[in-house]
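Fold and geometry: a report
Each chain, letter by letter, is given below.
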Amino acid sequence: MANRLVEKLRSFMPGNGKKTVRRYQRQEIPRDQHTVSRSMISEQARKVLHRLNKSGYEAYLVGGGVRDILLGGQPKDFDIATDATPEEVHELFRNSRLIGRRFRIVHVVFGREVIEVTTFRGNARDTEEEVADDEHRTSEHGLLLRDNVYGNMEDDALRRDFTINALYYCIRNFTIIDYANGVQDLNNRQIRLIGDPETRYREDPVRMLRAIRFAAKLGFDIEPETEAPIGKLAPLLSHIPSARLFDEVLKLFSAGYGEATYDLLRHYDLLEPLFPETAKAIEAGEPDELIRQALRNTDARIAQGKSVTPYFLFAAMLWPALQAEWNRRQDNGDPVQPALHGAIGKVIGRQVQATSIPKRFSGPMKEIWELQIRLPRRQGKRAFGTLMHPRFRAAYDFLLVRESAGEIEPGLGQWWTEFQQVDERAQEKMLTEVGSATAPRKRRRKRSPVKRPPQA
Ligand code: ATP
Ligand code: MG
């Protein structure tokens, strides 16, 4: 079996002989040599494994579920790989849904917990000669257009992305099956692609983002060969559907290591394909302190078990782009408000070419931005109107982030904090004190000496 495996690997690594062919050998790690115990696997995942096994199918826990337990962490979710077809799995579980067009997978749903069950799949290149029809075409860039080819367990392991994600746990005999030296890489804290890195990134450029996500989350290094092609291949992400990139961005920034992830994205030139306008603005000197501060806050919230809203995240990630465009328009003579509206339209219009932003998020994101010019204007009854705005809370949080990023003079955030806490009489008093006092000024960096027309 091992020989067949080596042969297969050779065949899907380009440039046989030229590149170092990594030899993988199937290893079984018995119960007394690893730390995965049944009690760490959710009851629902165990149920699915047992039912599949009892019905005569092979079924293993795979991916993050095994990886994170081995690292002493709590898996985010449990993925199961099986030799049962999606239809067979669906038959077995009344509480299941067949999903996916590109590749059919089954979600077995237990209230809020969803167990993802996938049928063993083959790597397209691996099975090239065996498949008569065109089930695994690649595009001119090497992108896998379809990969709905079933395979056996070895095939399934080798088409996975990283060695640490290709570990299988068998609930029948409690062994871990390791096809690609994943345990060794776990011990060495390394992210390593299975197979030839460039080929694997070309097949699916999202793997570059996944490498960054796991490196940030696990605090692992990306092994040199896996790391080398990333910068060069980063532009391939523009071939990925914008909806998938939107999902990946959320995963990148909601795993609790947003700031580290951001640093890695910048380091590997991956911010550009995800947020082209932001990358351009930062390159041109726009500060990114607000992004960092927002991600730091997000990370702290996640650590406390709180949720993060995608529109807040996107409002922060696009802020440098918005600033650049807003300033540009004002420099061209547009008054503050129309300049802001124009900039919002432009920045969102450009962004959705990279990642989609569903309407339910882009609406609130715009409101957060628009409220930034209403928050300083508190005179008369305005403050009450702002306070009643459905997006007040998010806009206020955003204001606090801007303050701690040093973007505006401190004070306004504290004012709003108090205004929310005191009774109506004290609120009226606060408002008379505001009187006609000028709003805290935005700290504006010195820009090119463009002459500003007087503002209305
Ligand atoms: P987590 O769920 O904690 O984010 P995970 O490793 O479980 O991490 P999933 O996105 O749930 O990641 O995917 C489950 C498994 O499917 C992965 O561990 C990996 O083996 C495989 N996989 C996912 N995406 C890809 C991909 N783009 N290319 C190859 N294999 C993938
Ligand atoms: Mg998972």
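Since the model is a prediction, treat every value here as computed from it, not as a measurement.

The number of helices and strands found in the protein chain is 23 helices and 10 strands. By the burial criterion, 52% of the 456 residues in the protein chain qualify as buried. When contacts within the protein chain are restricted to residue pairs at least 6 apart in sequence, those whose partners lie at least 24 apart make up 69%. For the protein chain, the computed accessible surface area is about 21,700 Å², with 48% contributed by carbon and sulfur atoms.

Moving on: the sheet that holds strand 4 (residues 96–99). Strand order across the open sheet formed by 8 strands is 1-8-7-2-3-6-5-4, with mixed pairing between neighbours. Strands with a single pairing partner mark the edges of an open sheet, and in this sheet they are strand 1 (27–29) and strand 4. Here the average twist between neighbouring strands, direction ignored, is 30 degrees. With 5 bridges connecting them, strand 5 (residues 105–110) and strand 6 (residues 113–119) associate as antiparallel partners. In the strand pairing of strand 6, Val-106 is matched with Val-117. Lying on the sheet, helix 2 (residues 43–54) is in contact with strand 2 (59–62), strand 3 (79–82), strand 5 and strand 6; it crosses strand 6 at an angle near 35 degrees.

Turning to the packing of aromatic side chains, a few remarks are in order. The full count for this structure, using the stated rule, is 15 aromatic pairs. Residues Tyr-168 and Tyr-179 carry aromatic rings whose centres are separated by 6.0 Å and whose planes lie at 85 degrees to one another, so their mutual orientation is edge-to-face. In this pair, Tyr-168 is assigned in strand 7 (residues 167–169) and Tyr-179 in the loop between strand 8 (176–178) and helix 6 (182–187), connecting sequence segments 11 residues apart. Just as Tyr-168 is buried, Tyr-179 falls in that class too. With centroids separated by 5.4 Å and ring planes inclined at 50 degrees, the aromatic side chains of Phe-384 and Phe-419 adopt a geometry described as tilted. Of this pair, Phe-384 sits in helix 20 (residues 382–388) while Phe-419 sits in helix 22 (residues 412–421), placing them 35 residues apart in sequence. Taking the relative accessible area as the measure of exposure, Phe-419 reaches 0% and is therefore buried. By way of ring pairs, the aromatic residues Phe-384, Phe-392, Tyr-396, Trp-415, Trp-416 and Phe-419 are connected into one cluster.

Moving on to the UniProt feature "active site" (unreviewed entry) in the protein chain. Summarizing the sequence annotation, UniProt attributes the feature "active site" (unreviewed entry) to Asp-77, Asp-79 and Asp-161 in the numbering used throughout. Tracing the chain through its elements places Asp-77 in the loop between helix 3 (64–70) and strand 3. For Asp-77, a relative accessible area of 29% puts it in the partly exposed group. Within the structure, the side chain of Asp-77 is placed 3.1 Å from the side chain of Lys-76, a separation counted as a polar contact. Within the element layout of this structure, Asp-79 appears in strand 3.

Attention shifts here to the pattern of salt bridges. Within the structure shown, the criterion is met by 32 salt bridges. Across the salt bridge formed by Arg-67 and Asp-68, the nearest N and O atoms sit 2.9 Å from each other. Comparing Arg-67 with Asp-68, the two get one shared label, buried. Here Arg-210 and Asp-161 are joined by a salt bridge, their closest N and O atoms 2.6 Å apart. In this pair, Arg-210 is assigned in helix 8 (residues 206–218) and Asp-161 in the loop between helix 5 (153–158) and strand 7, connecting sequence segments 49 residues apart. Beyond isolated ion pairs, a larger network of salt bridges with shared partners links Glu-259, Asp-263, Arg-266, Asp-288, Glu-289, Arg-292 and Arg-296.

In the region of ligand 1, 17 residues are neighbours, and Arg-67, Arg-160, Asp-204, Arg-207 and Arg-213 sit closest. In the environment of ligand 1, a nitrogen atom lies 2.8 Å from a nitrogen or oxygen atom belonging to the side chain of Arg-207. The separation between an oxygen atom of ligand 1 and a polar side-chain atom of Arg-213 is 2.7 Å. Protein chains bury 88% of the 580 Å² of accessible surface belonging to ligand 1 in isolation.

Of all the 6 residues making up strand 5, 5 are buried; the element is thus mostly covered by neighbouring parts of the structure. In this antiparallel pair of consecutive strands, strand 5 and strand 6, the connection spans 2 residues, and Gly-111 shows a positive phi of 60 degrees.

A few words now on helix 11 (residues 242–253). Its 12 residues give helix 11 an end-to-end C-alpha distance of 17 Å, which sits within 8% of 16 Å, the value for a rise of 1.5 Å per residue. Leu-245, Phe-246, Glu-248, Val-249, Leu-250, Leu-252 and Phe-253 are the residues of helix 11 that are buried.

In this section: the pairing of strand 6. Pairing analysis gives 4 bridges linking strand 3 to strand 6, with the strands arranged parallel. Within strand 6, the position partnered with Ile-80 by the bridge is Val-117.

Quick look at helix 8 now. Taking 1.5 Å of rise per residue, the 13 residues of helix 8 would be expected to cover 18 Å, and the 18 Å separating its terminal C-alpha atoms lies within 8% of that figure. Summarising burial for helix 8: 11 of the 13 residues are buried, a large majority. Within the sequence span of helix 8, burial applies to Val-206, Arg-207, Met-208, Leu-209, Ala-211, Ile-212, Arg-213, Phe-214, Ala-215, Ala-216 and Leu-218.

Our next topic: the nonpolar core. Core analysis: the biggest nonpolar cluster contains 95 residues, and Leu-52, Phe-253, Leu-270 and Trp-369 have the highest contact counts within it. Per-element tally for this core: the top contributor is helix 8, with 8 residues. Shared between two domains, this core takes at least three residues from each, and those domains are domain 1 (1–203) and domain 2 (241–436). Within the second largest apolar cluster, 16 residues are counted, among which are Phe-392, Tyr-396, Leu-399 and Ile-408.

What counts, and where the lines are drawn
Residues numbered from 1 in each chain as written. Chains lettered and ligands numbered in written order. Predicted model: local features only at pLDDT ≥ 70, side-chain atom pairs only at ≥ 80, totals over all residues. Heavy atoms only, no water. Helix = DSSP H or I, 4+ residues; strand = E, 2+ residues; numbered from the N terminus. Buried < 20%, exposed > 50% of the residue type's maximum accessible area, 1.4 Å probe, protein only. Contact = heavy atoms within 4.5 Å. Areas by Shrake-Rupley, 256 points an atom, 1.4 Å probe, with all protein chains shown as cover. Pairing = 2+ DSSP bridges. Axes fitted to C-alpha atoms, helices over the stretch in contact; angles between N-to-C directions. Phe/Tyr/Trp six-rings, centres within 6.5 Å; stacked < 30°, edge-to-face > 60°. UniProt positions renumbered as here; feature names shortened; annotations may be inferred. Polar contact = N/O pair within 3.5 Å; in protein donor to acceptor, adjacent residues only side chain to side chain. Salt bridge = Lys/Arg side-chain N within 4 Å of Asp/Glu carboxyl O. Near = heavy atom within 4 Å. Expected span 1.5 Å × (residues − 1). Core = buried A, V, L, I, M, F, W, Y, C linked by side-chain atoms within 4.5 Å. Domains from an automatic or database assignment.

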